[in-house]
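# Structural description and commentary
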Amino acid sequence: QVQLVESGGGLVQPGGSLRLSCAASGFTFSIYVMSWYRQAPGKERELAASISGAGSSTNYADSVKGRFTISRDNAKNTVYLQMNSLKPEDTAVYYCKARHAIRDVTYWGQGTQVTVSS
């Protein structure tokens, strides 16, 4: 049974930091590209960051570049998103996504709420 379980969301003040985690199970984690997407109220879901299976390649949305860092630990089947210098516009539900490197197979987590507010 495939599972992606996000954790680490919450309420933080502007300028603060949060670290999201996504624990994966039920598939061969190391051959999946892992991504963090986010969806703010009334907006479409958008890519925040992604990382290759081996962790050697990363990609970031311009809006988070320099503030967010994606990483993964294939021994723990977990992907992380370190978020620094958070802004109110970072408020969203953050979703973890796994995409097979070759086949058309995709899994999503249930999401974790991040709220940036004073």
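Right above here is the structure, for reference.
Report follows, based on the coordinates. Computed from a predicted structure; not experimentally measured.

### A short note on the overall build of the protein chain
If you tally the helices and strands in the protein chain, you get 0 helices and 11 strands. For the protein chain, the C-alpha radius of gyration of 14 Å lies close to 13 Å, the compact-globule estimate for 118 residues. For the C-alpha atoms alone, the extent of the protein chain along its principal axes is close to 40 × 25 × 25 Å. Looking at the protein chain as a whole, 44% of its 118 residues are labelled buried. Expressed as a percentage of contacts within the protein chain between residues at least 6 apart in sequence, the contacts between residues at least 24 apart total 54%. For the protein chain, the distance from the average position of its 12 positive side-chain charges to the average position of its 8 negative side-chain charges is 4 Å.

### A short note on the pairing of strand E7 (residues 68-73)
Side chains Phe68, Ile70 and Arg72 of E7 all project onto a buried face; the interleaved residues Thr69, Ser71 and Asp73 project onto a face where none is buried. The pairing of E7 with strand E8 (residues 78-83) spans 6 bridges and is classified as antiparallel. Each bridged residue has a counterpart across the sheet, and for Ile70 the counterpart in E8 is Leu81. Count of turn residues in the E7/E8 antiparallel hairpin: 4 residues, of which Asn77 carries a positive phi of about 55°.

### Section: the nonpolar core
Proteins that are soluble and globular tend to have nonpolar side chains buried together. Grouped together as the largest cluster of nonpolar side chains are 29 residues, with contacts concentrated most on Met34, Trp36, Val79, Leu81, Met83 and Tyr94. Elements represented by at least two residues in this core include exactly strand E3 (18-25), strand E4 (32-39), strand E5 (46-51), E7, E8, strand E9 (92-100) and strand E11 (112-116). The residues contacting Met34, other than those within four sequence positions of it, are Leu4, Phe29, Ala49, Ser50, Ile51, Ile70, Arg72, Val79, Cys96, Lys97 and Ala98.

### As for the side chain of Lys97
If you trace the backbone, Lys97 turns up in strand E9. For the buried residue Lys97, which engages in no salt bridge, the nearest side chain bearing the opposite charge is Asp104, 8.4 Å off. Looking at Lys97, its side chain comes within polar contact range of the side chain of Tyr37, at 3.3 Å.

Calculation rules
- Residues numbered from 1 in each chain as written.
- Predicted model: local features only at pLDDT ≥ 70, side-chain atom pairs only at ≥ 80, totals over all residues.
- Heavy atoms only, no water.
- Helix = DSSP H or I, 4+ residues; strand = E, 2+ residues; numbered from the N terminus.
- Rg over C-alpha atoms; globule rule 2.2 N^0.38 Å.
- Buried < 20%, exposed > 50% of the residue type's maximum accessible area, 1.4 Å probe, protein only.
- Contact = heavy atoms within 4.5 Å.
- Lys, Arg positive; Asp, Glu negative; His and termini not counted.
- Charge placed at Lys NZ, Arg CZ, Asp CG, Glu CD.
- Pairing = 2+ DSSP bridges.
- Core = buried A, V, L, I, M, F, W, Y, C linked by side-chain atoms within 4.5 Å.
- Salt bridge = Lys/Arg side-chain N within 4 Å of Asp/Glu carboxyl O.
- Polar contact = N/O pair within 3.5 Å; in protein donor to acceptor, adjacent residues only side chain to side chain.

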